[in-house]
Amino acid sequence: MHQSHYTFSVDDALQQAFNQAAAQQHLDAAELLRGFMRKFIKPHPKPKPHPKPMNDVWGYKFITFRMGANMFNALETIAEYTRDNIKTMLPYEDSWTYTQSITGIIGYTSIVMSYTLLENFFFEEYKNYFDSEPNKLVDNIIDLMEFHNVELDKWNDMFEKLELLRKIRNCVVHENGYIYGYIDGYIDDHLLKKYSQLFTPVDCSKVAIRLSLDDSIHLISETKSIVTEYSEKVFFKKEDTL
């Protein structure tokens, strides 16, 4: 993709404050500005004319939450069982090859399914509240947060992680786990450096995705927490229990 440079004047104090705020949250200032530009030019979704009051669809809320969280719970159970019992799965003790194969399979499954489950959950949510077609995952979440007037904790940090997860998922699906990020732009260089523990060099032109079993479990838990927090803030508001 061809890239252009965008230059504009800004007050020194504002620039310093912005850069400092971004650094405090471990975010890239340029990526924040690019994110704002993407959001600004994106067509605003059209809500359905007469959405049902939230209190009239408690059954929908309960089922959606349980199904969304339970799918992650099942994935998490598989990864945890593998971590705790991997030695019993080996054909002989301390088999490095089989250990790496099992770890790699769980890692790739966690990457693909974590993003897919999250994408499906918010895809269905989006269709329930808007007449327009769903967009990219992060855009759907932003639109839903604005619609419900809620904000997920640490969303700015999670936004970057979801973008990274989307790109990693694409590398697993289309490139067998290899990242040609320095050439084809799959993964930005600053993300490779920031999350270097997830990758291992293969040669001078590419790296491969590498998740330990604990990394896989952590990834599943983080993506599940987005569904759980959204559900608690949107589906199960305080008035629902009164």
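Each value, and the rule that gives it
- Residues numbered from 1 in each chain as written.
- Predicted model: local features only at pLDDT ≥ 70, side-chain atom pairs only at ≥ 80, totals over all residues.
- Heavy atoms only, no water.
- Phe/Tyr/Trp six-rings, centres within 6.5 Å; stacked < 30°, edge-to-face > 60°.
- Buried < 20%, exposed > 50% of the residue type's maximum accessible area, 1.4 Å probe, protein only.
- Helix = DSSP H or I, 4+ residues; strand = E, 2+ residues; numbered from the N terminus.
- pLDDT = per-residue confidence, 0-100.
- Contact = heavy atoms within 4.5 Å.
- Core = buried A, V, L, I, M, F, W, Y, C linked by side-chain atoms within 4.5 Å.
- Axes fitted to C-alpha atoms, helices over the stretch in contact; angles between N-to-C directions.
- Parallel < 35°, antiparallel > 145°, perpendicular 65-115°, else oblique.
- Nonpolar A, V, L, I, M, F, W, Y, C, P; charged D, E, K, R; others polar.

Student: Help me out: how do you make sense of the packing of aromatic side chains in this one?
Tutor: How two aromatic rings sit relative to each other is set out by the distance from centre to centre and by the angle between their planes. Taken as a whole and assessed by the stated rule, the structure comprises six aromatic pairs. Plain terms: the ring middles of Y126 and F130 are 4.6 Å apart, the flat faces sit at 35° to each other, and that makes the pair tilted. Residue Y126 shares its accessibility class with F130, and that shared class is buried. When the centroid spacing of 5.2 Å and the interplanar angle of 40° are considered together, the rings of Y129 and F147 count as tilted. Of the two residues, Y129 is situated in helix α4 (residues 96–129) and F147 in helix α5 (residues 137–148); the sequence distance between them amounts to 18 residues. Owing to a relative accessible area of 4%, Y129 belongs among the buried residues under this scheme. An aromatic cluster is built from Y126, Y129, F130 and F147, whose rings are joined through pairwise contacts.

Student: Please explain the confidence of the model for the protein as it appears in this structure.
Tutor: Interpretation of this model should avoid reading the predicted coordinates in detail wherever pLDDT is low. Mean pLDDT for the protein: 76, with 71% of residues reaching 70 or above. Confidence drops under a pLDDT of 50 for residues 238–242, and excluding neighbours within four residues, the segment shows five contacts in the predicted structure.

Student: What am I meant to see in the nonpolar core here?
Tutor: The tendency in soluble globular proteins is for nonpolar side chains to be buried as a group. If you look at the biggest cluster of nonpolar residues, it comprises 44 residues, and the most contacted ones within it are I111, L118, F122, I141, W155, L162 and Y230. Among the elements that line this core, the one with the most residues is α4, at 10 residues. Setting aside anything within four residues of it in sequence, one finds L162 in contact with Y115, L118, L137, V138, I141, W155 and I226.

Student: Help me understand the packing of α5 against helix α6 (residues 155–175), please; the structure alone is not making it clear to me.
Tutor: Helices that pack against each other are described as a pair by the angle of their axes relative to one another and the distance between those axes. Their axes nearest at 10 Å, the elements α5 and α6 cross at an angle of 155°. Relative to α6, the element α5 lies roughly antiparallel. Along the contact surface, α5 presents L137, V138, I141, I142 and M145, while α6 presents W155, F159, L162 and E163. Looking at the contact of α5 with α6, its residues break down into eight nonpolar, no polar and one charged.

Student: Before we go on, may I ask you to explain the environment of N73 in this structure?
Tutor: Structurally, the position occupied by N73 is in helix α3 (residues 58–89). Between the C-alpha atoms of N73 and S221, which are 148 residues apart in sequence, the distance is 8.6 Å.

Student: Just to check I follow, could you spell out unusual backbone geometry for this structure?
Tutor: Phi is mostly negative for residues that are not glycine, and the peptide bonds are mostly trans. The phi angle at N149 is positive, at roughly 55°, despite the residue not being glycine. Note on placement: N149 falls in the loop between α5 and α6. Residue N149 is classed as exposed on the basis of its relative accessible area, which comes to 70%.

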